[in-house]
Amino acid sequence: MTDETPPSSPAAATPDALFARLDGLGIDYETHHHEPVFTVDEAKHLRGALPGAHCKSLFIRDKKKICFLVVCLEDRRLDMKALAGLLDCGRLSFGSADRLRQRLGGTPGSVTPFAAIHDEAPEAPAGAVAKVQIVLDQEMMQAALVNYHPLINDMTTALSPDSLLRFLQSTGHEARIVDLAAASRED
C-alpha cells in the first residue's frame, strides 16, 4: 500500500489503551503529566528535569510515497537530502497532517513512535509497503531512558530503548536503527 491510497483513518487508541498494551507486554514505563506542548522549545520549558533522552518524531515520505517515521534526539537537525541517502530512498518531504492522521492516527505536536499502535493493518499484497517504516536514531537508542508522548501531547512517557523496540515489534514493525548523525546539519 502506498501513501497515495492510505487506509481509512484508524480508530484512535487512547493513552490508557497504550498503557494497557505496555502493561500486557510487561514493559516498565513512567508517565509524567504536563501542559500540552507542540514544539521542542515548549517541551524543554515545561518538562523540568525529566530523566532520559528527549526526542522528536518526524513523519515524512519519499517520492515513491513510502512513509517513514524518523525518531531522533530533540536537538538533531536533519538534512533531508542526506537523510534520503541514508535511507536509500528518493527525495523526502514532510507528510501532511491529513496523511499523518490517516496512517498513524496522530496530529502534529503529538507525533510519537507509540502511534505504531495505529499502523497494525494486515500485510499488503506482495511487493507493496503496508506499514510506515520506523527509523530510530542510533545515539538516542544508547540512552538509558527515552521519552515520547503517549499519543497525546500533555504527557511524556519514559521507557528503555529495548522496551520501545519490544513495543514496536508487537505492532509488526521492525525499526531500523540508523546513525542519524551522518544526516545532521549545522545551523
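This section reports on the structure supplied with the text.

Conventions and cut-offs
Position labels on residues start from 1 in each chain and follow its written sequence. In keeping with the model being predicted, local features are shown solely for residues with a pLDDT of at least 70 and side-chain atom pairs are shown and tallied solely at 80 or more, while totals for entire chains, interfaces and linings include all residues. For side-chain calculations, the full set of non-hydrogen atoms in the structure is used, while hydrogens and water are omitted. Here, the term disulfide refers to a pair of cysteine sulfur atoms separated by no more than 2.5 Å. Residue burial is assigned from relative accessible area. The probe radius is 1.4 Å, only protein chains are included, and a residue is buried under 20% of its type maximum, exposed over 50%, and partly exposed in between. Any two rings among Phe, Tyr and Trp, with Trp reduced to its six-membered ring, count as a pair given centres within 6.5 Å; such a pair is stacked if its planes are under 30 degrees apart, edge-to-face if over 60, and tilted if neither. Secondary structure elements are taken from DSSP: a helix is a run of H or I of four residues or more, a strand is a run of E of two residues or more, and numbering for both begins at the N terminus. Residue contacts are defined here by distance: any two heavy atoms, one from each residue, within 4.5 Å place the two residues in contact.

Some words on the state of the cysteines
Part 1: As enumerated under the stated definition, the model contains zero disulfides in all.
Part 2: Between Cys55, a free cysteine, and Cys72, which holds the nearest cysteine sulfur, the sulfur-to-sulfur gap is 7.8 Å.
Part 3: Looking at Cys55, the relative accessible area reads 18%, which means it is buried.

As for the packing of aromatic side chains
Part 1: Evaluation of the coordinates by the stated rule reveals three aromatic pairs.
Part 2: Geometrically, the ring pair formed by Phe19 and Tyr29 is stacked, given 5.4 Å between the ring centres and 15° between the ring planes. Residue Phe19 is located in helix α1 (residues 15-24), and its partner Tyr29 is located in the loop between α1 and β1 (30-33); the two are separated by 10 residues in the primary sequence.
Part 3: Classification of Phe19 by relative accessible area gives buried; the value is 12%.
Part 4: Connected via pairs of aromatic rings, a cluster forms that spans Phe114, Tyr148 and Phe167.

A look at the environment of Leu25
Part 1: Here Leu25 is to be found in the loop between α1 and β1.
Part 2: In this structure, the C-alpha to C-alpha distance between Leu25 and Arg166, residues 141 residues apart in sequence, is 8.0 Å.
Part 3: Setting aside residues no more than four positions away along its own chain, Leu25 makes contact with Arg166, Phe167 and Ser170.

Considerations on unusual backbone geometry
Part 1: If you check the backbone angles, Lys65 has positive phi at about 70° while not being a glycine.
Part 2: By secondary structure assignment, the location of Lys65 is in the loop between β2 (53-62) and β3 (67-73).
Part 3: Lys65 gets classed as partly exposed once you look at its relative accessible area, which sits at 21%.
Part 4: Of note, Asp88 is a non-glycine position whose phi angle comes to about 55°, a positive value.
Part 5: When you line up the elements, Asp88 lands in the loop between α3 (80-87) and β4 (92-94).
Part 6: By relative accessible area, Asp88 is classed as exposed at 72%.

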